[in-house]
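Residue strings, one per chain:
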Amino acid sequence: MTTRCLTAALLVLVPTHAGAQDARRAPFDSASHAWDEGRYIEALEGLERLLSGPVGDGLVEEIAQLTGELYEVTEVAPDGRAVRWSPDGRYAAYETGTGPGVTTHVVALEGGEGGPVAHIPASGLVFAPSGNRVAYLAIQESVALRAALTDLARQAATGDRASRARVREEMARLSAEHTHILIRELPSSAERRIAPTDAGVLGLTYGPDGTLYFVGNPRGDPERTDIYAISGYGRPQRLTDGPGQKGNPRVTPGGTHLVYELEDETLGVRDLGSGEIRFLQGSPPVISADGSALAYVGVDGDQNTVNVVRLEPGSEPAEVTRIPYPVARMTSRACSACPELSSLALSPDGSRVAFQAMPREDWEVFIVGSDGGDEIHLTREIQHDLFPRFLEDGRLLALKGEGRHRRSHLYELETGEVTWLFHNNTVRTVAPEYEWAPSPDGTKLLIVAERDGDTVSPERGVYLLDLARKVTRADVLHRVRSNLATERSLQERTREMYRVIADDARAAVADVSTSQVFEYERDLFRFGSKHITQPGNALAIDYLVDKLRSFGYEPELQWFDARGVRSANVIATLPGTANPELVYAVSSHFDSSARGPGADDNTSGTAALLEAARVLAQRPLPATIEFAFFTGEEAGLLGSREYVRRSVEAGDKLVGALNNDMVGWAENHRLDNTIRYSNAGIRDLQHGAAILFSDLITYDAKYYKSTDAAAYYDAYGDIVGGIGSYPILASPHYHQVHDVLETINHQLVAEVSKVTVASVMLMASSPARITGLVVGRRGRSVEVTWTPAPEHDVTHYVVAYGPPDDPWRTSITAAEPLVTLEDLEAGSVIAVKAVNQKGMKSWDWARAEVAEVANLDPGLADALR
């Protein structure tokens, strides 16, 4: 039962308070409905009134969950990955850097703080049970080893996939032979080294009694690994025998058994007392926190079984449930020493098993008693529900969505309440999560995420979420007021941005037809897979050419050979009326994966682009528009690379681009999607287009890598925006045979087309972002110059400047591309826009920072400042 259901039940049970409850519920429900419909200013104003009034205390949790996080979150580090806890919960570790530059940072988390304890130049660190000792691996470098690894790397670069895999295995084996184990005491940093003489070392784990276990590759036998144990600083003892690869050792919390995996989905279970080993057929293995039980998934004919075995003498595996559809057998680790994410979980006392199964197209989480009773279908989301993990006997953590945007959710098993745990507490920006590590007592979570929505920069923050500390009324009120101010500013700025062309844009988007959109989708869907290797690719090319001709264009076909297959981009050009030499590209890829028809990926984007081309065909704009239908995206972004290559070769002045990809799948009734951008100006103007001219609810994420937008960015820089799936790649149909037409919301595709039309109308009618901005000092003055705007109707420029926290504090105009500013501190931000005869400004600011005065005598530098 959810919190709202519980509240409704109380209204029935306690009728004397019904009037007061209704008085509180009505305004909250009104604000909640406004939020659901994307009327955020109205919603936030209502929530602010509630939190500021006498009923605010009773609504804090509901408002917190509507607007962001319920539990307190603190930043442990601005960048990190591979998070893990010490067994006593006092310390945590995370890694930064890559290759030889990897560093593991150990921090103390007592009281929610993240104080540094150690910085160790290695990866794969593991904590001893006490938490005051760690072990890690280090490679003994030598000239011979470096030469051998360099030679192997050269072989890997030139071979096929199979040979590259073999070479990587050889590189790992060779590195392992030169690897030794270091044991460090915390916080003294005293270290001892263990160098196994008969095996290369591949991975480490501690048992609860302080015994160190590792996976070793016996020298002279590259086809085999074994599990070894080291007590104290003694010699390693081999615990396994026989051929084949053995890995992922884990010791039961009671220290009674060692569990490890073999190549053929066989589990080895060694009794550490008697030395007896038994083998079980299945995977993945999970052990209860009290060490009493082991669970795994098996196969019996055409059915899957969930099995539990008690870790006590004479106990035999018991089948607790039998499932006729797929049951997941997955594990995922951020590093060899990190807690794994598993598709199977046992409650701490071993009495319940949670598992992933797929009744239809998406994974869902089920729970069953270890005795085979009380089976529950826990989740029924339209998207994937993944990697369940018990935090305590009545609490379960599980993830929702696809790999590039999973979100953590907490399930209270007794009440049925579900809480989305991590957020960035903003209305618009999407915050992808990547790693989760619960504390040993289940009261805290370490999460690796991009809270700022920037998926492009390599940095990913490490955050500590405390399930024992909820946000306060003051916290939530501050959150609501901050979002309200941001949302008001966005709407005010974008209304002004579109003021001159608002009537024209409104008339254009009124011509967008959902019926037309469905027609394009239906026709393209009939071709089946449109991958470059499939007949549907050529059929789609012919169809696009015919449709574009019917709109009045004469399409260009950009034929090229793609991995032995001939295919073509289809380009329709709408010449500019005032600045025809300036080009804006609007694109989508029309091909699909080889295994499916690609109704969402990317017939939806293609249909939205066709409708935009139809609507604008008789509405030429000041700058030229190229509607680009790309081929070969699914084969490696081939079409977009070819289009950009030709544009660069021809010297085209491509000054802005929108790329739409996967815009038709809706998780629920909401018409929502994500602006995926590199350029903040395009991000904002697309939010404005959605707010002013469509029913689309827009979010944003800085996201363009591994998409067709990357080709624009690589050649022309920061000029990219566009619409893509919300949440990012959350659709369970992504790249599957069931990415079919009936999963598409056709109105959603039409709303994306409206936003695209309005966006490109603004971009092509406004001056582009200026280039060549240079800031230099001349005495106490700052001289700012830039390249004149290329548009023919620019009348003047706006120059804004101020400190980093208020960069628009002062604004002046300039008739020429040169201004001199006085008394600006180092670090001040200067931004410039061009303004045309209609009063329209550039759609993005050109920005620069005032640098420190360098290479001068300190006294003179101070004087110049």
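Everything discussed here concerns the structure shown above.
A brief report on the enclosed structure follows. For every chain, the first residue of the written sequence is number 1, and numbering continues from 1 along that sequence. Residue-level local features of this predicted model are given only where pLDDT is at least 70; pairs of side-chain atoms are given and counted only at 80 or more, and the full residue set underlies all totals for whole chains, interfaces and linings. With hydrogens and water excluded, all non-hydrogen atoms of the structure serve as input to the side-chain values.

The next point concerns the overall build of the protein. Helix and strand definitions follow DSSP, with helices as H or I runs of at least four residues and strands as E runs of at least two, each counted in order from the N terminus. Each helix and strand in the protein was counted, giving 16 helices and 50 strands. Here the radius of gyration uses the C-alpha set of atoms, whereas the globule reference equals 2.2 Å times the residue count to the power 0.38. For the protein, the C-alpha radius of gyration of 30 Å lies close to 29 Å, the compact-globule estimate for 865 residues. Taken along its principal axes, the extent of the C-alpha atoms in the protein is 90 × 80 × 65 Å. For every residue, the accessible area (1.4 Å probe, protein chains only) is compared with the maximum for its type, and the residue is labelled buried under 20%, exposed over 50%, or partly exposed between those bounds. Looking at the 865 residues of the protein, the share that counts as buried comes to 56%. Residue contacts follow a heavy-atom distance rule, with two residues in contact if any of their heavy atoms lie within 4.5 Å. For the protein, long-range pairs separated by at least 24 residues make up 60% of all intrachain contacts whose partners lie at least 6 apart in sequence. Per-residue and other accessible areas follow the Shrake-Rupley method at a 1.4 Å probe size, with only the shown protein chains counted as cover for residues. On the protein, roughly 35,200 Å² of surface is accessible, and the fraction owed to carbon and sulfur atoms is 50%. By the counting scheme adopted, Arg and Lys are positive, Glu and Asp are negative, and His together with the chain ends is not counted. The atom standing in for a charge is NZ when the residue is Lys, CZ when it is Arg, CG when it is Asp and CD when it is Glu. Where the 84 positive side-chain charges of the protein centre and where its 120 negative ones centre are 2 Å apart.

Before going further, it helps to examine the pattern of salt bridges. Salt bridges are counted wherever a side-chain nitrogen of Lys or Arg sits within 4 Å of a carboxyl oxygen of Asp or Glu. For the coordinates displayed, the defined rule picks out 54 salt bridges. In this structure, Lys 246 engages Asp 226 in a salt bridge whose closest nitrogen and oxygen atoms are separated by 3.1 Å. Taken together, the residues span a long stretch of sequence, with Lys 246 in strand S14 (residues 246–251) and Asp 226 in strand S12 (residues 226–230) at a distance of 20 residues. Across the salt bridge formed by Glu 265 and Arg 329, the nearest N and O atoms sit 2.3 Å from each other. Of the two residues, Glu 265 is situated in the loop between strand S15 (257–262) and strand S16 (266–271) and Arg 329 in the loop between strand S21 (318–323) and strand S22 (331–332); the sequence distance between them amounts to 64 residues. On the basis of relative accessibility, which here comes to 23%, the residue Arg 329 falls in the partly exposed class. Shared partners join several salt bridges into a network, and the residues in it are Arg 224, Asp 226, Arg 238, Asp 241 and Lys 246.

Bringing empty space enclosed by the protein into the picture now. The pocket and cavity definitions rest on a 1 Å grid over protein atoms only: a 1.4 Å probe that fits but cannot leave marks a cavity, an open set with protein on both sides within 12 Å along at least five of seven lines marks a pocket, and residues lining either have an atom within 4 Å of a point. Grid points are joined across faces, edges and corners, and a volume is the space filled by probe spheres set on the points. Scanning the entire structure with this criterion turns up two cavities of 30 Å³ or more. Looking at the largest cavity, its volume works out to about 50 Å³. What lines the largest cavity is Asn 659, Arg 676, Tyr 703, Tyr 704, Thr 707, Ala 709 and Gly 721. Residue composition of the lining of the largest cavity, by class: three nonpolar, three polar and one charged. Side-chain classes follow a simple rule in which Ala, Val, Leu, Ile, Met, Phe, Trp, Tyr, Cys and Pro form the nonpolar group, Asp, Glu, Lys and Arg form the charged group, and the remainder, Gly included, forms the polar group.

Take the sheet that holds strand S17 (residues 277–281) next. Two strands form a pair only when DSSP identifies at least two bridges running between them. Reading across from one edge, S14-S15-S16-S17 is the order of the four strands in this open sheet, with antiparallel pairing throughout. The outermost strands of the open sheet, each flanked by one partner alone, are S14 and S17. Taken over all neighbouring pairs, the strand axes of this sheet differ in orientation by 25° on average, direction set aside. Direction of pairing for S16 relative to S17: antiparallel, over a ladder of five bridges. Angular values range over 0 to 180 degrees, each being the angle between N-to-C directions of two axes fitted as lines to C-alpha atoms, with helices fitted over their stretch in contact.

Here we take up the environment of Ile 376. Examined against the element boundaries, Ile 376 turns out to sit in strand S27 (residues 376–377). The spacing of Ile 376 and Phe 366 is ten residues in sequence and 5.6 Å in space, taken between C-alpha atoms.

The next subject is the environment of Asp 264. Within the fold, Asp 264 resides in the loop between S15 and S16. Under the relative-accessibility criterion, Asp 264 is labelled exposed at 51%. When the C-alpha atoms of Asp 264 and His 735 are compared, they prove to be 28 Å apart, with 471 residues separating the residues in sequence. Within polar-contact distance, the side chain of Asp 264 engages the side chain of Thr 266 at 2.7 Å. Throughout this description, a polar contact denotes any pair of N or O atoms lying within 3.5 Å of each other; where both atoms belong to protein, one of them has to be capable of donating a hydrogen while the other can accept it, and for residues adjacent in sequence the pair is counted only when both atoms sit in side chains.

Let us now look at the packing of aromatic side chains. Paired rings are identified among Phe, Tyr and Trp, the last through its six-membered ring, by centres lying within 6.5 Å, and are further divided according to the angle between planes into stacked (under 30 degrees), edge-to-face (over 60) and tilted (the rest). If you walk through the whole model with that rule in mind, you get 16 aromatic pairs. Measuring from ring centre to ring centre gives 6.0 Å for Phe 527 and Tyr 543, while their planes differ by 70°; the resulting arrangement is edge-to-face. In this pair, Phe 527 sits in the loop between helix H9 (514–525) and helix H10 (535–550) while Tyr 543 sits in helix H10, placing the two residues 16 residues apart along the sequence. On the basis of relative accessible area, Phe 527 is assigned to the partly exposed category, the value being 23%. Between Tyr 553 and Phe 627, the aromatic rings sit 5.9 Å apart at their centres with planes inclined by 70°, giving edge-to-face as the arrangement. With Tyr 553 in the loop between H10 and strand S35 (556–562) and Phe 627 in strand S38 (residues 623–630), this residue pair connects regions lying 74 residues apart in the sequence.

How two helices sit against one another is set out by the angle between their axes and by the gap between those axes. As a packed pair, helix H3 (residues 40–52) and helix H7 (residues 473–498) sit with axes 9 Å apart at the nearest point and diverge in direction by 155°. Judged by the angle between their axes, H3 and H7 are roughly antiparallel. Considering only the axes of H3 and H7, their crossing is left-handed. For the pair formed by H3 and H7, the contact residues are Tyr 40, Ile 41, Leu 44, Glu 45, Leu 47, Glu 48, Leu 50, Leu 51 and Ser 52 on the first element and Arg 473, Val 476, Leu 477, Val 480, Arg 481, Asn 483, Leu 484, Glu 487, Arg 488 and Gln 491 on the second. Taken together, the residues that form the contact of H3 with H7 break down as ten nonpolar, three polar and six charged. Note that the term roughly parallel is reserved for angles under 35 degrees, roughly antiparallel for angles over 145, roughly perpendicular for angles of 65 to 115, and oblique for everything else. With the far helix as reference, a near helix turned anticlockwise by less than a right angle produces a left-handed crossing, and one turned clockwise produces a right-handed crossing.

To continue, consider the nonpolar core. Residues Tyr 498, Leu 548, Tyr 553, Tyr 584, Ile 625, Phe 627 and Phe 629 are the most contacted members of the largest nonpolar core, which totals 73 residues. Per element, the largest residue contribution to this core is twelve residues, and it comes from helix H15 (residues 746–765). Every residue in contact with Phe 627, bar those within four places of it in the chain, is listed here: Tyr 553, Val 570, Ile 571, Ala 572, Leu 574, Val 586, Leu 609, Ala 612, Ala 613 and Leu 616. Core analysis: the next-biggest nonpolar cluster, separate from the first, contains 53 residues, Trp 35, Leu 421, Phe 422 and Val 480 among them. Here the nonpolar core consists of buried residues drawn from Ala, Val, Leu, Ile, Met, Phe, Trp, Tyr and Cys, with membership extended through side-chain atoms lying within 4.5 Å.

A separate point is the packing of helix H11 (residues 599–616) against H15. Look at H11 against H15: their axes get within 8 Å of each other, and the N-to-C directions meet at 50°. By the criterion of interaxial angle, the relationship of H11 to H15 is oblique. The way H11 lies across H15 gives a crossing that is right-handed. Only Val 749, Val 752, Ser 753, Thr 756, Val 757, Val 760 and Met 761 of H15 make contact with H11, whose side of the interface consists of Ser 604, Ala 607, Ala 608, Glu 611, Ala 612, Val 615 and Leu 616. Looking at the contact of H11 with H15 residue by residue, the class counts come to ten nonpolar, three polar and one charged.

Turning next to the layout of surface pockets. Estimated volume of the second largest pocket: approximately 1,500 Å³. Surrounding the second largest pocket, 43 residues form its lining, Trp 35, Gln 65, Leu 66, His 409 and Trp 420 being those nearest its centre. Of all the secondary structure elements, the ones that give two or more residues to the lining of the second largest pocket are helix H1 (3–13), helix H2 (18–36), helix H4 (60–67), strand S30 (407–412) and strand S31 (418–420).

Here Leu 186 and Pro 187 are connected by a cis peptide whose omega angle stands at 0°. If you trace the backbone, Pro 187 turns up in the loop between strand S8 (179–185) and strand S9 (191–194). Along the chain, Ser 283 connects to Pro 284 via a cis peptide bond; the corresponding omega equals -15°. Looking at the element boundaries, Pro 284 is found in strand S18 (residues 283–287). In the Ramachandran plot, Met 662 falls in the positive-phi region, its phi being about 65° despite a non-glycine side chain. Summarising the element assignment, Met 662 is placed in the loop between strand S39 (653–659) and strand S40 (672–677). Looking at Met 662, the relative accessible area reads 4%, which means it is buried.

Backbone-to-backbone hydrogen bonds join strands into a sheet, with any given pair of strands oriented parallel or antiparallel. The antiparallel open sheet is built from four strands, whose spatial order is S2-S3-S4-S5. Two strands close off the open sheet at either side, each with one partner strand: strand S2 (81–85) and strand S5 (115–120). Looking at each pair of strands side by side, their axes are set apart by 20° on average, direction ignored. Pairing analysis gives five bridges linking strand S4 (residues 103–108) to S5, with the strands arranged antiparallel. Looking across to S5, one finds that Val 106 is bridged to Ala 118.

Counting buried positions over the ten residues of strand S34 (residues 461–470) gives seven, a clear majority of the element. Pairing between strand S1 (residues 71–77) and S34: six bridges, direction antiparallel. Pairing of Val 73 across the sheet is with Leu 465, part of S34. Inspection of the sheet shows strand S33 (residues 444–449) paired to S34 by six bridges, in the antiparallel sense. Looking at the pairing, Lys 444 lines up with Asp 466 of S34.

Taken by themselves, the reported measurements are silent on function.
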